[in-house]
Amino acid sequence: MSDWKKRTQLVHGGIRRSQYNEVSEAIFLTQGFVYDSAEQAEARFLDAEPDEFIYARYGNPTVAMFEDRIAGLEGAEDAFATASGMAAVNAALTSMLKAGDHVVAARALFGSCLYILEEVLPRFGVEVTLVDGTDLAQWQAALRPDTRAVFFESTSNPTLEVIDIKAVADLAHKVGATVIIDNVFATPVFSRALEQGADVVVYSATKHIDGQGRALGGVILGTREFIRKTVEPYMKHTGGAMSPFTAWIMLKGLETMDLRVRAQAASALAIAEALQGHDKLAQVIYPGHPSHAQFDLVKAQTGQGGTVLSVDLKGGLDAAFRFLNALQIAVISNNLGDAKSIATHPATTTHQRLPDDQKAALGITPGLVRFSVGLEDTDDLVADVMQALEKA
Ligand SMILES: *Cc1c(COP(=O)(O)O)cnc(C)c1O
């Protein structure tokens, strides 16, 4: 199985067939499992083998199929599936940290990740230092002998700045810190984060893994030791498990993810190319276009720009709203990685609560629109964005 290329892994990885030998993965919609004898129950509670299940909060065959399939894709020894992306981020950090530990994190984070780092962890005595993730000198200055973990989004939302995984991991490992990466924008298709130095990779499966806007989910990937000895006990007893039904949706999502994400990334690049130099735009940000400030790093790290681009309209908030309201294909919403193209105005939605100075520091201008490119025809998408810009 480990020799399989990614697309084969995504279709067949982790499969467990019941006595009926079904083709499509079964949904084991059960909370518990029956033991043949009292002795078997005792033995399983003492030491359950990987395919011996006890209770769905601890593990379930459909969930295990999803975990093995995504672990095989990412090249991780093991994985733990969670109820949402945020359950995964929270468990990756909280399961390993204790009072007195120090964490260094990049400042440009998804709002809920920032909440965990700024509000939750300090309440339990964990000290957190935030840095500009693209500035290696700031990482270097912030890391200390008591730094237990380093956390960042490899590509930031919504301004699509890219953090050098290898360089940050090298610095972090010198002080013995665990490198935890929220890798949503890189996508599991283009990620090579573990090979580049990450110790733990976290995904919101709600994004490209489902990819069809149906369910919330998340996953933590890492060494068998970290997943089974640190994450599993924490998840088992705190209850953020993925439901078997969600795991089935995510399994089916994985089967088509490579094709979907590559098609979406190709369209994103085509749109970025079509928008270069447009007179209504102050900036087009797409990591996969040579105009991106870190294009060389992107080529080395993921080889591709991903499925999201951002544009900054010269006319500010009014122009951004006119643009959004004129779009006929893309919907106005806040998910990403979906089959449907989705346009978001971060300053008034996802990042509404940030004070103006922080918005400015993160580049979240009134004219900024984030565009998650879907599976529609590329030419239709380019034409739609162009006509909407005319009305902006
Ligand atoms: C969406 C997202 C999350 C949270 O995932 P949920 O599944 O919504 O809980 C965390 N980090 C990043 C970068 C995201 O895009």
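Residues numbered from 1 in each chain as written. Predicted model: local features only at pLDDT ≥ 70, side-chain atom pairs only at ≥ 80, totals over all residues. Heavy atoms only, no water.

**Q** Would you mind going over the UniProt feature "modified residue: N6-(pyridoxal phosphate)lysine" (unreviewed entry) in the chain with me for this structure?
**A** Look at the UniProt record and you will see "modified residue: N6-(pyridoxal phosphate)lysine" (unreviewed entry) annotated at Lys207. On the secondary structure map, Lys207 appears in the loop between strand E6 (200-204) and strand E7 (218-222). Once you skip the residues sitting within four places of it in the chain, Lys207 turns out to touch Val184, Asn335, Leu336 and Gly337. (UniProt positions renumbered as here; feature names shortened; annotations may be inferred. Helix = DSSP H or I, 4+ residues; strand = E, 2+ residues; numbered from the N terminus. Contact = heavy atoms within 4.5 Å.)

**Q** I keep staring at the sheet that holds E6 and nothing clicks. Help me out?
**A** Across a sheet, paired strands are connected by hydrogen bonds in the backbone, their directions being either parallel or antiparallel. What the 7 strands build is an open sheet, ordered E1-E7-E6-E5-E4-E2-E3; its pairing is mixed. Whereas interior strands pair on both sides, the edge strands pair on one side only; in this sheet they are strand E1 (78-82) and strand E3 (127-131). Going from strand to strand, the sheet's axes swing by 20° on average, the running direction of each strand aside. Strand contacts of helix H5 (residues 111-123): strand E2 (102-106), E3, strand E4 (147-153) and strand E5 (178-182), with the helix running at about 140° to E3, the strand carrying the most contacts. (Pairing = 2+ DSSP bridges. Axes fitted to C-alpha atoms, helices over the stretch in contact; angles between N-to-C directions.)

**Q** Looking at this model, I keep getting lost on the environment of Arg16. Mind explaining?
**A** Looking at where Arg16 falls in the secondary structure, it is placed in the loop between helix H1 (6-12) and helix H2 (38-46). Residue classification places Arg16 among the buried residues on the basis of a relative accessible area of 18%. Along the sequence, Arg16 and Lys280 sit 264 residues apart, while their C-alpha atoms lie 53 Å from each other. Discounting chain neighbours no more than four positions away, the residues touching Arg16 are Glu22, Asp51, Pro61, Ala64, Met65 and Asp68. Within the structure, Arg16 has its side chain in polar contact with the backbone oxygen of Gly14 (distance 3.0 Å). For Arg16, the side chain forms a polar contact with the side chain of Asp68, separated by 2.9 Å. (Buried < 20%, exposed > 50% of the residue type's maximum accessible area, 1.4 Å probe, protein only. Polar contact = N/O pair within 3.5 Å; in protein donor to acceptor, adjacent residues only side chain to side chain.)

**Q** It is not clear to me how unusual backbone geometry should be interpreted in this structure. Could you clarify?
**A** The omega torsion across Asn157 and Pro158 is 0°, close enough to zero to call that bond cis. The topology assignment puts Pro158 in the loop between E4 and helix H7 (165-174). The phi dihedral of Leu160 is positive, around 60°, even though this residue is not glycine. Its relative accessible area of 1% is what places Leu160 among the buried residues.

**Q** Please explain the packing of helix H12 (residues 316-326) against helix H14 (residues 378-391) as it appears in this structure.
**A** For any two helices packed against each other, the geometry comes down to the angle between their axes and how far apart the axes lie. One can describe the packing of H12 onto H14 by two numbers: an axis separation of 8 Å at closest approach and a directional angle of 135°. One way to sum up the angle between H12 and H14 is to call them oblique. Like other packed secondary-structure pairs, H12 and H14 cross with a definite hand, here right-handed. Counting all contacts with H12, which are made through Arg322, Phe323 and Ala326, the residues of H14 involved are Asp384, Val385, Gln387, Ala388, Leu389 and Lys391. Classifying every residue of the contact of H12 with H14 by side-chain character gives 5 nonpolar, 1 polar and 3 charged. (Parallel < 35°, antiparallel > 145°, perpendicular 65-115°, else oblique. Left-handed = near helix turned anticlockwise from the far one by under 90°. Nonpolar A, V, L, I, M, F, W, Y, C, P; charged D, E, K, R; others polar.)

**Q** Where do I start with the site of the ligand in this structure?
**A** Taken together, 13 residues are adjacent to the ligand, and Gly85, Asp182, Ser204, Thr206 and Lys207 come closest. With respect to the ligand, the backbone of Gly85 contributes an N or O atom lying 2.9 Å from an oxygen atom. In the model, an oxygen atom of the ligand is placed 2.8 Å from a nitrogen or oxygen of the Ser204 side chain. Burial of the ligand by the protein chains amounts to 92% of its free accessible area of 380 Å². In terms of residue class, the shell around the ligand is built from 5 nonpolar, 5 polar and 3 charged. (Near = heavy atom within 4 Å. Areas by Shrake-Rupley, 256 points an atom, 1.4 Å probe, with all protein chains shown as cover.)

**Q** Just to check I follow, could you spell out the sheet that holds strand E11 (residues 342-344) for this structure?
**A** The strand order E8-E9-E12-E11-E10 describes an open sheet built from 5 strands, whose pairing is mixed. The open sheet has two free edges, formed respectively by strand E8 (281-285) and strand E10 (331-332), since each of these has just one partner strand. Sheet topology note: the strand E9 (residues 308-313)/strand E12 (residues 368-372) ladder contains 5 bridges and is antiparallel. Bridging from a neighbouring strand, Val311 pairs with Val369 of E12. The sheet strands contacting H12 are E9, E10, E11 and E12, and the helix crosses E9 at an angle near 130°.

**Q** Which parts of the structure should I look at to understand the domain arrangement of the chain?
**A** Often, the extent of an interface is quoted as the loss of accessible area upon association of its parts. Segmentation of the chain into domains returns domain 1 (6-253) and domain 2 (258-390). A straight line from the C-alpha centre of domain 1 to that of domain 2 covers 27 Å. Approximately 2800 Å² of surface area, both sides summed, lies buried where domain 1 meets domain 2, with 61% of it carried by carbon and sulfur atoms. Of all residues in domain 1, the largest losses of buried area upon contact with domain 2 belong to Pro158, Leu160 and Phe190, amounting jointly to 25% of the total for that side. Between domain 1 and domain 2 we count 0 salt bridges in total. Secondary-structure elements contributing two or more residues to the side of domain 1 that touches domain 2 are H1 and helix H8 (187-190). (Domains from an automatic or database assignment. Buried area = accessible area lost by both parts, 1.4 Å probe. Salt bridge = Lys/Arg side-chain N within 4 Å of Asp/Glu carboxyl O.)

**Q** Even after reading the chapter, I still don't get the packing of aromatic side chains, so can you show me in this structure?
**A** Ring pairs (aromatic) are described by centroid distance and by the angle formed between their planes. The full count for this structure, using the stated rule, is 5 aromatic pairs. Relative to Phe45, the ring of Tyr35 has its centre 6.4 Å away and its plane inclined at 65°; by these criteria the two rings are edge-to-face. Of the two residues, Tyr35 is situated in the loop between H1 and H2 and Phe45 in helix H2; the sequence distance between them amounts to 10 residues. Given a relative accessible area of 22%, Tyr35 falls into the partly exposed group. On the accessibility criterion, Phe45 (55% relative accessible area) is exposed. Aromatic side chains Tyr55 and Tyr58 sit 6.2 Å apart centroid to centroid with 80° between the ring planes, which places their arrangement in the edge-to-face category. The exposure class of Tyr58 is partly exposed, given its relative accessible area of 26%. (Phe/Tyr/Trp six-rings, centres within 6.5 Å; stacked < 30°, edge-to-face > 60°.)

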